[in-house]
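Results of the structural survey
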Amino acid sequence: MHYSDFWLANTKNLLKRAMRDGYAVPAFNFYNTETLTAILNAAQITQSPVILAVSESALEYMGGEMLMGMIRGAEYKRGQIALHLDHGHSFEVCKYATDLGFSSVMFDGSALPLSKNISESRRVADYVHKINVSLETELGILAGTEDKNTTAKNHSYTDPDLVKDFVKQTQTDSLAVAIGTSHGAYKRKNTNETLRFDILEQIAKNIPNTPLVLHGASNIPQKYVNQINKFGGDIKNARGISPAQIRCAISLHVAKVNVDSDSRFAFTAAIRKTLATKPDIFDPRFYLNAAREEMTKNCIDEIQNIMGSGYKI
Ligand code: G3H
Ligand code: 13P
Ligand code: ZN
């Protein structure tokens, strides 16, 4: 199955346009029908391009064929939405996603020695480019929990002196950079830490035609943390990246911004509140729909107030 047989868009084109016009395409992760439709509803309401991101563990959770069944069934308008493998750690999983009908893949070789990162990224590029699927790669290592298989304890910023050669050798279409963001809910010890915009600026200067990608970009809305804790949760010291800093990164060639944790917080906060305030309900559709609506609301908010991608299709 090839993505152009149905309604999915090529990620490369979405990102080139975003970089040219100074906004970012949001990449929101999903894991089931509710989270998928939350994102699609937000895209529809805001008329924003959107990247549907599937991590390796989410792919395993949904099952490849089941996931493609949901995507095909969604019948969305052509050219607005991409389906993307997030943090593929091997050539094999990138090939698998491409063959299923994904329109882009990320090969994440950031934990590999540089020469291996380059050779494996290039191997994936050679496979996916033959069928017009786009490739994202990563140079530098983000801190935090990436997925159940990867916990990056030792982060390292992207070296601006390496990016030009890396892009040339790998033939990547976009590059994920490490400038101080991290995965998960605990990104900051205090609120005045800032991202390394000096590094980002240098990277953008050295590879002016390559759209950059910011992972670990959730802002962790405190209203959801509070709501979770109010209704039985126990989450302490969760802190994200401020919207102002993400907007600043977008002005420096970041054309794709990855958000997963914020959606998890919105979803969980709504479920906790619904179950606590309506103790008599036991139909999962009731609380799952409340969760979907809250996640849609948060995606809309981020599209409008951070990404600047509304009405850009
Ligand atoms: O960057 C990774 C995403 O947040 C995915 O995490 O493997 O738990 O789905 P996950
Ligand atoms: P967050 O944990 O900040 O949402 O990052 C998600 C991400 O980078 C997915 O690839
Ligand atoms: Zn990520």
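Residues numbered from 1 in each chain as written. Chains lettered and ligands numbered in written order. Predicted model: local features only at pLDDT ≥ 70, side-chain atom pairs only at ≥ 80, totals over all residues. Heavy atoms only, no water.

Take the overall build of the chain next. Helix and strand counts for the chain stand at twelve helices and eleven strands. Taking 313 residues into account, the globule formula puts the C-alpha radius of gyration at 20 Å, and the chain, at 18 Å, falls close to it. The dimensions of the chain, computed from C-alpha atoms along their principal axes, are 60 × 45 × 35 Å. Looking at the chain residue by residue over its 313 residues, the buried ones come to 56%. Put simply, 77% of the contacts in the chain that link residues at least 6 apart link residues at least 24 apart. (Helix = DSSP H or I, 4+ residues; strand = E, 2+ residues; numbered from the N terminus. Rg over C-alpha atoms; globule rule 2.2 N^0.38 Å. Buried < 20%, exposed > 50% of the residue type's maximum accessible area, 1.4 Å probe, protein only. Contact = heavy atoms within 4.5 Å.)

Right, let's talk about the pairing of strand β3 (residues 81–88) for a bit. It is a general feature of regular strands that their side chains alternate between the two faces of the sheet. Of all eight residues in β3, eight are buried, a share of seventy percent or more. Inspection of the sheet shows strand β2 (residues 50–55) paired to β3 by six bridges, in the parallel sense. Following the sheet pairing, Leu52 is matched in β3 by Leu83. Both β3 and strand β4 (residues 104–107) contribute to a ladder of three bridges, which runs parallel. Paired with His84 across the bridge in β4 is Ser104. (Pairing = 2+ DSSP bridges.)

For the rest of this paragraph, the subject is the coordination of the zinc ion (ligand 3). The coordination sphere of the zinc ion (ligand 3), as far as protein atoms go, consists of His87 (NE2), His183 (NE2) and His215 (ND1), spread over 2.1 Å. Donor residues binding the zinc ion (ligand 3) come from one chain and are separated in sequence as H-x95-H-x31-H. Of this pair, His183 sits in strand β9 (residues 182–183) while His215 sits in the loop between β10 (212–214) and α9 (222–230), and the two are 32 residues apart along the sequence. Taking the relative accessible area as the measure of exposure, His183 reaches 13% and is therefore buried. (Donors = N, O, S within 2.8 Å, 3.2 Å for Na, K, Ca; no water.)

Around ligand 2, the surrounding shell holds 14 residues, and the nearest of these are Asp86, Lys187, Ser218, Asp260 and Ser261. Contact between ligand 2 and His87: an oxygen atom at 3.2 Å from a side-chain N or O atom of the residue. Within the side chain of Asn258, one N or O atom sits 3.1 Å away from an oxygen atom of ligand 2. Counting residues per element, the ones that place at least two in the shell around ligand 2 are β3 and β11 (254–259). Residue composition of the shell around ligand 2, grouped by class: two nonpolar, nine polar and three charged. (Near = heavy atom within 4 Å. Polar contact = N/O pair within 3.5 Å; in protein donor to acceptor, adjacent residues only side chain to side chain. Nonpolar A, V, L, I, M, F, W, Y, C, P; charged D, E, K, R; others polar.)

Now for the nonpolar core. Formed by 77 residues in total, the largest nonpolar core has its most connected members in Phe30, Leu52, Ile71 and Phe102. Element by element, the count of residues in this core is highest for helix α12 (residues 284–307), at seven residues. In contact with Ile71, not counting residues within four places along its chain, are Phe6, Trp7, Leu8, Phe30, Leu36, Leu52 and Leu83. Among the nonpolar cores identified, the runner-up in size contains eleven residues, and Met19, Ala27, Ile51 and Ala82 belong to it. (Core = buried A, V, L, I, M, F, W, Y, C linked by side-chain atoms within 4.5 Å.)

We now examine empty space enclosed by the protein. If you walk through the whole model with that rule in mind, you get one cavity of 30 Å³ or more. In this structure, the largest cavity spans a volume of roughly 70 Å³. Taken together, 13 residues make up the lining of the largest cavity; nearest its centre are Thr11, Leu15, Ser134, Asp173 and Ser174. Elements with a contribution of two residues or more to the lining of the largest cavity: α1 (11–21), β4 and β5 (134–139). Ranked by residues supplied to the lining of the largest cavity, first place goes to α1 with four residues. Residues belonging to the lining of the largest cavity are distributed by class as follows: four nonpolar, five polar and four charged. (1 Å grid on protein atoms, 1.4 Å probe; cavity = no way out; pocket = protein on both sides within 12 Å on 5 of 7 lines; lining within 4 Å. Points joined across faces, edges and corners; volume = space filled by probe spheres on them.)

With that out of the way, let us pick up the pattern of salt bridges. On inspection of all chains with the given rule, the structure shows twelve salt bridges. A salt bridge links Asp234 to Lys236; the nearest nitrogen and oxygen atoms lie 2.9 Å apart. There is no split in this pair, since Asp234 and Lys236 are both exposed. A salt bridge links Asp283 to Arg285; its shortest N-O distance comes to 3.1 Å. Under the relative-accessibility criterion, Asp283 is labelled partly exposed at 31%. Residue classification places Arg285 among the exposed residues on the basis of a relative accessible area of 65%. (Salt bridge = Lys/Arg side-chain N within 4 Å of Asp/Glu carboxyl O.)

Along the chain, the position of Thr98 falls in helix α5 (residues 91–100). We classify Thr98 as buried; its relative accessible area is 2%. The contacts of Thr98, once residues within four sequence positions are left out, are Met1, Val105, Tyr127, Val128, Ile131 and Val133.

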